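The chain contents come next:
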Amino acid sequence: MNNYPNLREFYEKVPILIGENDRAALKNKAQEDDAALESSTHWLIAMEGSEKQRNVYHWKVLIYPSQTKVIHCYKSPYYASQHFTSIYEAIEYSNELSQKAREDLLSTIEKPALQREA
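A quick note: this is a predicted structure, and the numbers were derived from the prediction, not measured. (Residues numbered from 1 in each chain as written. Predicted model: local features only at pLDDT ≥ 70, side-chain atom pairs only at ≥ 80, totals over all residues. Heavy atoms only, no water.)

**Looking at the overall build of the chain**
Secondary structure assignment for the chain yields 2 helices and 6 strands. The order of α-helices and β-strands along the chain, N terminus first, is β-β-α-β-β-β-β-α. Burial analysis of the chain (118 residues in total) assigns 41% to the buried set. Total accessible area computed for the chain in this model is approximately 7100 Å², and 48% of it derives from carbon and sulfur atoms. (Helix = DSSP H or I, 4+ residues; strand = E, 2+ residues; numbered from the N terminus. Buried < 20%, exposed > 50% of the residue type's maximum accessible area, 1.4 Å probe, protein only. Areas by Shrake-Rupley, 256 points an atom, 1.4 Å probe, with all protein chains shown as cover.)

Dropping the structure here:
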């Protein structure tokens, strides 16, 4: 299984500066996972689509720590949503997460268990 995002169906938003509350949460995660996360300055919020059947896509919203456009770890995003069957629902949710990032509240979102694909 490939752990990298499907870049053919990968749509990112403009990176958002990490606020102080979210930076503290990211530093805690960095101590547990990867020290490279500490140098992150921005959030990169993106949608990833995967084809489940011919012309039927499922979407998930991902948040990656980054330095503007350099993503530190594609394999383990800071956050990954459950799958959406509608791209419009995924877009709406990504907009909600973008607003939370601008308000320095990403650290307050509940993190779902990541779904692994076969």
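The rest of the description comes next.
**Notes on the packing of aromatic side chains**
According to the stated counting rule, one finds 6 aromatic pairs in the structure shown. Their ring planes at 45° and their centres at 6.0 Å tell us that Tyr11 and Trp59 sit as a pair that is tilted. Of this pair, Tyr11 sits in strand S1 (residues 10-12) while Trp59 sits in strand S4 (residues 56-67), and the two are 48 residues apart along the sequence. Accessibility expressed as a relative area gives 7% for Trp59, which makes it buried. Members of the aromatic cluster, connected to one another through ring pairs, are Tyr11, Tyr57 and Trp59. (Phe/Tyr/Trp six-rings, centres within 6.5 Å; stacked < 30°, edge-to-face > 60°.)

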